[in-house]
Each structure stands twice: as structure tokens, then as C-alpha cells.
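Secondary and tertiary structure notes
For reference, the chains in residue letters:
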Amino acid sequence: MATSTTFLDTNELVLNMGPQHPSTHGVLRVILKLDGEKVMGADCVIGYLHRGVEKIAENRTYQQFAPYVDRMDYVAAVSNGLGYCLAVETLGGIEVPERAQCVRVILTELNRIASHLLWLGTHALDIGAMTPVFYCFREREEVLKIFEKYCGARLTTHAFRIGGLQYETYDTFEKDCHAFCDWFEKKVVEYEELLTTNRIWVGRTKGVGILDAEACKAYGVTGPVLRAAGVEWDLRKAQPYCGYEKYDFDIPTCAGGDTYDRYIVRMQEFHQSVRIIRQAVDSLPEGPIKGRVSKVFKPPVGEAYASIEAPKGELGYYVVSDGSTQPFRLRVRPPSFVNLQALDEMCRGCLVADVVAIIGTIDIVLGEVDR
Amino acid sequence: MKELLKAIFFVDLIKGLAVTFRNQKPSLIYTEQYPKERPFVAERYRGAPRLNVHPDTDETLCIACNLCALACPEQLIVVGAERNKETRRKELTTFTYDVSRCMFCGLCEDACPVDALELTQDFELASYTREGVIWDRQMLEEGPLPTEYKH
Amino acid sequence: MEEILDNPYLQPIIATLLIIAVFPLVAGYMVLAERKVLADLQVRLGPMRVGPYGFLQPLADAFKLMLKEDIIPAASDKWIFWGAPVLSTFTALTAFSVMPFSDKFYVADVNIGILFILAMSSLGILGLILGGWSSNSKYSLLGALRSAAQMVSYEVPLGFTTVTALMVAETLSMQGIVQSQLDKGVWIAFSNYGLMLVPAVVFFIAAVAETNRAPFDLPEAESEIVAGFHTEYSGFRWALFFLAEYASIFVICGIAVTVFFGGWLRPFANVGFLETPLNVVFPILLFVVIGAGCALGAARVTLAYEKAIMGVLALGMFLVAGLFAIPMINELIIGFFWFLFKVLIFIYVFIWVRGTFPRFRYDQLMQVGWKYLIPISMGGLIVNGIVLLFTS
């Protein structure tokens, strides 16, 4: 990673990648300092999608704010909803019924699959394979259909409410989930055939954008990026929520911490998510779906932090209450934003083409970075 | 040795080619030809709002309680009501719903105590003007009239 | 009248005019075919809205491109910016002049035909470099740099493999190469005890790189450098680049077919009893099937004008099938049929490859070129040369 200077003292080329660029996944602006095609440094400029979500929270009641969190990481809206609900439930000391927790697990795992599928498709597209993205979207569509049947929206689902769920599962919910799992496992094999052993894919991803465990910890990077560096850290195991301790699953890890390992980790997570969904659907208990929450919800004065393992990493919500119906302050710890910090470190010494691959492999959603 | 032979004969690449070749079957085509074909819309879909009327009497079910307006995070619902002198009950006069600001979270329909306000399966909400997306009571009761596509 | 008909320049002139008039349309339909095939690989439908099954899409695209605003960036080098696409298109179309479409239909049979084509196709890349450089945009410049490097590295294996094939054919004339394959009774790709297959594969890989097609499409790598050398181009000038790209794809497939796969010869050209099944029955069957498909399509579409177009297409296909049944006309067009058929198979493979593989990185591209393709093609040249020496 040494940034050796070239013999000729040429000016470095400053390339503005974005905010309008086909592969910055939204409106990220990266100022690249180039020596030929070699990257000497990368500065991220963010904020093009800033909507002041945290400020909006201060002017909405707890229930009213729930749909807004879906719009941060819109690819994994269900996970966002879960994180927010958990934080507020901790604050208000609300007991969530078993059934609701189980449905929450199923939906968030489905959402993890959908989010990883979108990552895989766009990542492959960035690296130049234009077909996986369509296959991925096909499978993702099936997930979105389940969401739509369950809660009436496909992307910004607003599936969970404080205290549990609003909607009871629909008639064929269990059947749909099982059918999806069976079908999806076959499809993952196809992606593996398309990419995992493909020499061009391996060449493009192996040894690219290495971020070792120490650097991951220094930057606070979480999620698949951390696990690809060999750290077995998954909040679902480390501090279980929603009854994750009841399910039997593994934490896939790799050692290299490069783009290929991150790819492998996420591909493994597909299988683990499918495992969790199968177990959860089979053990779906009967009972109420919503705990006791008064219509005018006023949590006691205090503060609460709840974090979950979102598809992209640790997603945390910190809520401060002054006893009124509206949060006094709400702070989000978005995984994309934290993981994006490592971009500069990962990019140094790479080629322009690798920057694209690295942005893809961090798996950022700009709605969450800028909030 | 086996690995080397595999590399020489491009086994990894041919495997990928086989996947794309297999997927060429016309029956596997997944896209819909909207608007020629109508998309799948679930029963619970949260689309265009509707103000339900009694099926027999055509009278509105809304009791003008204003709960939907209070529940709405965007405060886009305005309920106008008048107290009827004879029956001493509030009666709905106007009801506006600004669809352009709506994020279809469904909190209003959850709040409605009499199932008068409902989000329906209609999803074609485009309008040529900004005024066109602010729906009044009449429009909410009739529901949107999606354009029929001939081609 | 006699004089005009006897004039030796008559046939070339007609052929030239025909190519220049028809090729833009052919390129348009190649784009449509590419979009359709790619869509098919990707479980989509592709263009469906303009005309029946998107059949009129190329015309709509061409129309749109011509009507677009003519934008020349203020900071660009205007003359070069103006001239680059012209240069590209010009060279790409010139290469057609020695293309042996059939034993009867070609513009000229030059005794250095293959060299002429290679020269023209490398000149075409000059257009890309100039276009990228004159745009005065960083992305364009990067694209131009990449295409320059790519051209230099992949011309070499392309040349070596062609030379290997020429050793077998013992001529440089395009018609002569095909003729020699007829005499030997085997396509060059399968001659020399199958040893020629290696150069054929290397040629194919280098050809994909030479035409800037995925997985070697670095000069216009969309996800990295937006559109590469033609980032700043729009409208008709962009269309010219596009035309040039598809022309060079056609040309390189034409070379591959001519040099390695028997040009306008039918498969097993020397096996007498296959004459009727391959030269008469096969084309008739093919066009009848396509025609039947069109007729089925006509039955499915709803609008009157779409029905008419599909109907005319179906009739046309049946008519062509009928032409193949007439011995005299069959003899005239069968070479052309086989040449186009093989070229189309190659183009299909190009699209298939594009739809499957990720893109190489710049340094890997160089590595593949210099570390693998060039040594292998040189080795192929030497081995094949030795085998030829001992067998002849």
C-alpha cells in the first residue's frame, strides 16, 4: 500500500467521482487523487441526501416517527423499523409478545436477504457483470411480494409498531416463506456458478480493498466487512434481541478481509438467513401480536439505546425522553456511515476500477449515510 | 493437476456461460409489461386513500372525529365538520387529503375508529398539476379513475 | 449499355453502395438483436413498445439521435472532436471493402486483403483515442488512454494468430483463404490435427478485446469512467461511434469466419451427399421456422399496424425460403447465407459473453494480453509452423 512517487514529477489528477456517477450508489461524491489510474487518496463528500431525520423525530410522536426510519436505509427498511421499535420499547418498558417477536425475526431475515441481493446485484454490475443484477432483483421481488402481502408496502414497509405488530400474518404466510426459502437456495447456487469461481471475478475482488481486523476495529466498522476480516462479531449472537438466541445459526467469517472475502461472507449469510427463517416459521407461536401500549404513548423520562445486526452492520437507535409524547432527542448509529469512513484506507494504492468495487463492497445506502 | 486442467479448459467460465444460457428459456421471463399487463397488488396494499360510504345509503361513514388528522405524521389531512343542531352530532362537511405529501404509512387508517378512511389498492396517482393531487371529499369518496391503456 | 455492364468497376460500385446504404440499418438491427438476446439472458423482455416486439426500435433510436441537440463542449478541441467519430466510422466501413461475403458478392479481392482489414481496424481505434482526448474531460481522457493501451496489447496476438492461419492458407487474399479451405476440405480452425484450435480461441479472445466488448470493455466501462471516450458525445456524433463499434464487430467476426471457419463455405464443404440437406433443406427449414414464428407473433399482437408488420415479415421469410428452393438463385445466395449465418453465430457468442462475465481491470487486461495471449499465440505459431513443415 506504499504510495510511491513516480519518477516524473507530474501533477496528480483530481477526479470528482460523483455525485452523479453510475456506480456511487446514490449521491456519494468521492474526490479521487490519481496518479495515472492509481489512487493516491479518496475524500468522501456526503450530505447530498440529508433530510434531517433526527430533527424530524423531535417534532413527531413516537408512533408518528416510525415510518421515517424506513426511509434511511430504504433497502433494509424492516431492520430500521425493528431497531427503532426496540429502542422505544426498551425506553417504555414494553413487553413484546412471543408471536410478534417471531414474525419480526422472519421479516428482518427476509429483509437481510433482500438487502444482500441488492448489494450482490449492484456490486456485480459495478464490476461489469451485468446479468446477476437481474437475477437478484427477481429473487428480491419475491421477498417484496411477501412484504406487500403482509403489510401492504414493498419498500418502506412500516411493518412494525411500537409494542409489536399492527398486522396479523396473512393466510399463506408460512407457505410463502417456505416456498421462497426452497426456491432461493437453488438460485444462490446459480450466483455461485456465475461468480464465485469465475477467474475474472476472483481477479477483480481478491486482494482488493483489504481492511484487516485492527483497522476495522479502529474505524468502528461492523457487519459483513468486520466478519470478513476474521472477527466473529454478530449482535444476533453477542447480545441477542427478539429471541435470536432460540435459533440455531452460524456466523460466517473469513480471514483475508478483502473484497472477495466480504463477498463470500455475504453469500454464506444468505444460507444462514434461510436457516433462521425456516426455524422461525416452523416455531411460529400462537398468541397476541401487540403488547400493551396506550394510544398516547408517554415513556418515562430517561434514555435508551438499542442496536441490532442490520444487513450492513450495527444499527443503533439512541432515544432520549423528557416524558412527553415526542422524543427529546433521537440519534441513529447508521452502519453505512461508519463503514464508509474506511473507504480512504481501503482505496489507497488501488486503481480507479477498484474504487468502484470497494464502494460496492462496503454496501452503503446514501439515505442512511446522510440521513 | 485437475485444477490446472480446469483452468486451461476455462471450466469456471463455461459454468457461468451455462447459467446464462439456461436462463434464456422464454418461460423464465420475469418482467411484466405494465401497463399492458396489470401488476400484482396485494389485498393489504397501501395505495390511494378512499373515504368509504355506506353501501346502501351512500352516506359517509366518517364521524369527523379528527383522529386520522392527529395520527398523520405529515399533518396532511384536514377534516371540516359542523355540529348538526337537531341531532347534536358532528357531521362531516369537508375532507382534504394531500396525496402529494402522503408516505402511505397507514397510520391514518389504523387510527380510524369506524373504517371510513382506508388505503386502497389503486396506485396510479399521477396528476398533471399540484392541485390535482390534493384530493377533496368527493374525489376521496369516488376514488381515482385510472386511465385505461389501450396499447 | 453493354459497355456499362462489362465495366469491371460496376460490381464493386454496386456492392459499395449497397453496403453503405444497408449497413447503418444492419447495425441498428444488430443493436436490437443485442438488446433482445441480452434481455433474454437476463430474464427480461427487452424493447417491446415500438412496433411489434420492439421491431421498429432501431428506427426510433436513429430518429431520436438525429434530432438531438448537437453539443460540442466549449473546452474541447473542436476539429478533432468533430473528426474523431467520422474517422472511426470511415475506417470501420472501409474494412468491408475486402470482406468476402460470398464467392460472388464482394467489393474487391485484394491480394493483401487480410492486412488491409487489420490495418483499417487498428486505425479505427485512433478515432476513439482522438475522441477521448479532444473532449477535454477526465473520464474521456482515461477512456482514451485505456483504449490506446488495449489496442497496442491486443493487436499483437491478433496478428500472430492471423499469421498462423495464413501459413496454413498460404495466401493473403480473403477469397484465396476461403478457396484454400475448400481445396483442403477442412476449415483452418480444425486443420493441422486440431492444433489450429488454439490460435482460433486466442483470436476470438483478442477479437473481443479489439472491439472493446465486455469483458474487455474498459475504454467505455460504464461503472468506472461513466462512458469512457464518448462521455462528452451525444446525438449524431455518438451514433457514428456506435455505428463504428458495430461495424468493427461485424468486421472482426467476418475475419474470424473467413480465416478460421471457412468463410462462405458450408460445413463439410467436400462431402458431396450433404449438399442438398445443408444447402437447400437447412436454409429453407430455417426461414420457414422464422416465418412461422413471425406469423405466430402476428396472431398475438393486437394492433392492426403491428399485425401488418409481422405479417409482411412472415411473408418475406417464406419468400426467402422459396428462393432457396430455386436452384439458380440458390447457387447465387447460398455462400452469402452461410457467411452471414456464421457471423451471426459469432455475434451471438459475443453478446452471450458480454451478458455473463465481469469486466477485467486495467492491469489484469495487460496481464492477460502480454503474459498469456502473446506467448500462447507465438507458441501456436511455432508449433503449427513445425507441424506444417513436416506434413507438407
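In what follows, the structure referred to is the one given above.
So, here is what we can say about the structure in this document. (Residues numbered from 1 in each chain as written. Chains lettered and ligands numbered in written order. Predicted model: local features only at pLDDT ≥ 70, side-chain atom pairs only at ≥ 80, totals over all residues. Heavy atoms only, no water.)

**A look at the overall build of chain C**
- When its secondary structure is counted, chain C shows 14 helices and zero strands.
- Order of helices (α) and strands (β) in chain C, N terminus to C terminus: α-α-α-α-α-α-α-α-α-α-α-α-α-α.
- Taking 2.2 N^0.38 as the reference for a compact globule, 392 residues should give roughly 21 Å; the C-alpha atoms of chain C span a radius of gyration of 22 Å, in line with that estimate.
- Overall, the C-alpha framework of chain C stretches about 65 × 65 × 50 Å when taken along its three principal axes.
- Out of the 392 residues belonging to chain C, those deemed buried represent 52%.
- Here the contacts in chain C between residues at least 6 apart in sequence split such that 78% fall between residues at least 24 apart.
- When the accessible area of chain C is evaluated, it comes to approximately 17,200 Å², of which 75% is carbon and sulfur surface.
- Measuring between centres, the 21 positive side-chain charges of chain C sit 11 Å from its 25 negative side-chain charges. (Helix = DSSP H or I, 4+ residues; strand = E, 2+ residues; numbered from the N terminus. Rg over C-alpha atoms; globule rule 2.2 N^0.38 Å. Buried < 20%, exposed > 50% of the residue type's maximum accessible area, 1.4 Å probe, protein only. Contact = heavy atoms within 4.5 Å. Areas by Shrake-Rupley, 256 points an atom, 1.4 Å probe, with all protein chains shown as cover. Lys, Arg positive; Asp, Glu negative; His and termini not counted. Charge placed at Lys NZ, Arg CZ, Asp CG, Glu CD.)

**Here's the deal with unusual backbone geometry**
- Although it is not a glycine, B:Gln75 adopts a positive phi angle of roughly 50 degrees.
- One non-glycine residue with positive phi stands out, namely C:Glu170, at about 65 degrees.
- With respect to the element layout, C:Glu170 can be found in the loop between helix 6 (138-169) and helix 7 (174-184).
- Residue class for C:Glu170 comes out exposed when judged on its relative accessible area of 65%.

**Focus: the sheet that holds strand 7 (residues 313-321) of chain A**
Residue and element names in this part refer to chain A.
- Ordered in space as 6-7-8, the three strands form an open sheet in which the pairing is antiparallel. The sheet is open, and its two borders are formed by strand 6 (302-310) and strand 8 (327-333), each paired with just one other strand. Strand-to-strand twist in this sheet, taken as the mean axis angle between neighbours without regard to direction, amounts to 15 degrees.
- Pairing of strand 6 with strand 7, which is carried by nine bridges, proceeds in the antiparallel orientation. Bridge pairing in strand 7 links glutamate 303 to valine 320.
- Each of strand 6, strand 7 and strand 8 is contacted by helix 3 (residues 77-92), which is oriented at about 150 degrees to strand 6, the strand it contacts most. (Pairing = 2+ DSSP bridges. Axes fitted to C-alpha atoms, helices over the stretch in contact; angles between N-to-C directions.)

**Notes on the sheet that holds strand 1 (residues 13-17) of chain A**
- The strand order across the open sheet formed by three strands is 1-2-3 (chain A), and the pairing between neighbours is antiparallel. If you trace the sheet from one side to the other, it starts and ends with strand 1 and strand 3 (38-45) of chain A, each paired once. Each strand axis lies, on average, 20 degrees off the axis of its neighbour in the sheet, ignoring direction.
- Sheet topology note: the strand 1 of chain A/strand 2 (residues 29-35) of chain A ladder contains five bridges and is antiparallel. Within strand 2 of chain A, the residue paired with A:Asn16 across the bridge is A:Ile31.
- Against the sheet, helix 6 of chain C makes contact with strand 1 and strand 2 of chain A, and its axis sits at roughly 110 degrees relative to strand 1 of chain A, the strand it touches most.

**What about the nonpolar core?**
- If you look at the biggest cluster of nonpolar residues, it comprises 95 residues, and the most contacted ones within it are A:Tyr84, A:Leu107 and A:Leu110.
- With residues up to four places along the chain from it excluded, the contact list for A:Leu107 reads A:Val78, A:Phe147, A:Tyr150, A:Ala159, A:Phe160 and A:Phe173.
- By size, the runner-up hydrophobic cluster in this structure holds 80 residues, among which are C:Met174, C:Ala206, C:Leu265 and C:Trp352. (Core = buried A, V, L, I, M, F, W, Y, C linked by side-chain atoms within 4.5 Å.)

**Looking at the interface of chain B and chain A**
- The interface of chain B with chain A comprises 28 residues on the first partner and 33 residues on the second.
- Between chain B and chain A, roughly 2,800 Å² of surface is buried when both sides are summed, and carbon and sulfur atoms account for 48% of that area.
- Looking only at chain B, the three residues that lose the most surface to chain A are B:Tyr30, B:Arg44 and B:Arg46, adding up to 26% of its buried area.
- If you look at where chain B meets chain A, you find four salt bridges.
- For A:Glu193, the salt bridge is made with B:Arg22, and the minimal N-O distance between the two is 3.5 Å. (Buried area = accessible area lost by both parts, 1.4 Å probe. Salt bridge = Lys/Arg side-chain N within 4 Å of Asp/Glu carboxyl O.)

**What about helix 2 (residues 10-41) of chain C?**
Residues and elements named next belong to chain C.
- A rise of 1.5 Å per residue sets the reference length of helix 2, with its 32 residues, at 46 Å; its end C-alpha atoms lie 44 Å apart and thus fit the reference within 8%.
- Of all bends in helix 2, the biggest is about 35 degrees, found at valine 22, and the proline proline 24 comes one to four residues later.
- Note on helix 2: the residue one or two positions beyond its end, valine 43, has a positive phi of about 45 degrees. (Expected span 1.5 Å × (residues − 1). Bend = angle between axes of the 7 residues up to and from the residue.)

**A word on the side chain of A:Thr108**
Residue and element names in this part refer to chain A.
- As for its placement among the helices and strands, threonine 108 is situated in helix 4 (residues 98-127).
- Using a relative accessible area of 4% as the deciding quantity, one classes threonine 108 as buried.
- At 3.0 Å, the side chain of threonine 108 and the backbone oxygen of valine 105 are in polar contact.
- The contact partners of threonine 108, leaving out residues within four places of it in the chain, are Val78, Ser79, Leu82, Phe160 and Tyr244. (Polar contact = N/O pair within 3.5 Å; in protein donor to acceptor, adjacent residues only side chain to side chain.)

**Comments concerning the pattern of salt bridges**
All names here are of chain A.
- The tally for this structure, following the rule as stated, stands at 40 salt bridges over all chains.
- The salt bridge partner of glutamate 142 is lysine 145, with a shortest N-O separation of 3.9 Å. Of this pair, glutamate 142 and lysine 145 are both found in helix 5 (residues 132-151), three residues apart, which corresponds to roughly one turn of the helix.
- For glutamate 142, a relative accessible area of 23% puts it in the partly exposed group.
- On the basis of relative accessibility, which here comes to 22%, the residue lysine 145 falls in the partly exposed class.

**Things to note about helix 2 (residues 11-22) of chain B**
Residue and element names in this part refer to chain B.
- Over its 12 residues, helix 2 extends 16 Å from the first C-alpha to the last, a length consistent with the 16 Å expected when each residue adds 1.5 Å.
- The complete set of buried residues in helix 2 reads Asp12, Leu13, Gly16, Leu17, Val19 and Thr20. Here the buried residues of helix 2 occupy an arc of 155 degrees about the axis, which is enough to place them on one side. (Arc of directions from axis to C-beta.)

**So, a nonpolar patch on the surface**
All names here are of chain B.
- A cluster of nonpolar residues, Met1, Leu4, Leu5, Ile8, Phe9 and Val11, forms a patch on the protein surface that exposes about 630 Å² of accessible area.
- With three residues, the top contributor of residues to the nonpolar patch is helix 1 (residues 2-8).
- Its place among the elements puts leucine 4 in helix 1.
- You can call leucine 4 exposed: its relative accessible area is 51%. (Patch = residues over 30% accessible without salt bridge, like charges linked within 9 Å, V, L, I, M, F, W, Y side chains within 5 Å.)

**Structural notes on the state of the cysteines**
- All told, the structure shown has zero disulfides over all chains when counted by the stated rule.
- The closest cysteine sulfur to the non-disulfide-bonded A:Cys151 is located on B:Cys105, 12 Å from its own sulfur.
- The class for A:Cys151 is buried, based on a relative accessible area of 1%. (Disulfide = S-S within 2.5 Å.)

**What to know about the interface of chain C and chain A**
- Every contact between the two is made by 26 residues of chain C and, on the other side, 34 residues of chain A.
- For the interface between chain C and chain A, the tally reads one salt bridge.
- We note a salt bridge from C:Arg361 to A:Asp354, for which the minimum N-O separation is 3.0 Å.
- At the junction of chain C and chain A, the tally comes to eight residue pairs in polar contact (both at pLDDT 80 or more).

**Some thoughts on the packing of aromatic side chains**
Residues and elements named next belong to chain C.
- By the definition in use, this model includes 43 aromatic pairs over all chains.
- Ring centres 6.0 Å apart and planes at 50 degrees place the aromatic pair phenylalanine 204 and phenylalanine 346 in the tilted group. One end of the pair, phenylalanine 204, is in helix 8 (residues 197-210); the other, phenylalanine 346, is in helix 13 (residues 327-356), with 142 residues separating them in the sequence.
- Residue phenylalanine 346 is classed as buried on the basis of its relative accessible area, which comes to 14%.
- Geometrically, the ring pair formed by phenylalanine 282 and phenylalanine 341 is edge-to-face, given 5.4 Å between the ring centres and 85 degrees between the ring planes. A residue pair is termed long-range when its members are at least 10 positions apart, and phenylalanine 282 in helix 11 (residues 275-300) and phenylalanine 341 in helix 13 qualify at 59 residues.
- Among the residues examined, phenylalanine 341 registers a relative accessible area of 23% and is labelled partly exposed. (Phe/Tyr/Trp six-rings, centres within 6.5 Å; stacked < 30°, edge-to-face > 60°.)

**Examining a negative patch on the surface**
- Residues B:Asp56, B:Asp58, B:Glu59, B:Glu82 and B:Glu91 make up a contiguous surface patch of negative charge.
- Tracing the sequence through the fold places B:Glu91 in strand 3 (residues 90-98).

**Comments concerning the pairing of strand 8 of chain A**
Residues and elements named next belong to chain A.
- Pairing of strand 7 with strand 8 involves six bridges; the strand directions are antiparallel. Across the sheet, residue tyrosine 318 finds its bridge partner in strand 8, namely arginine 331.
- In this antiparallel pair of consecutive strands, strand 7 and strand 8, the connection spans five residues, and glycine 323 shows a positive phi of 90 degrees.

So yeah, pure geometry; function would need other evidence.
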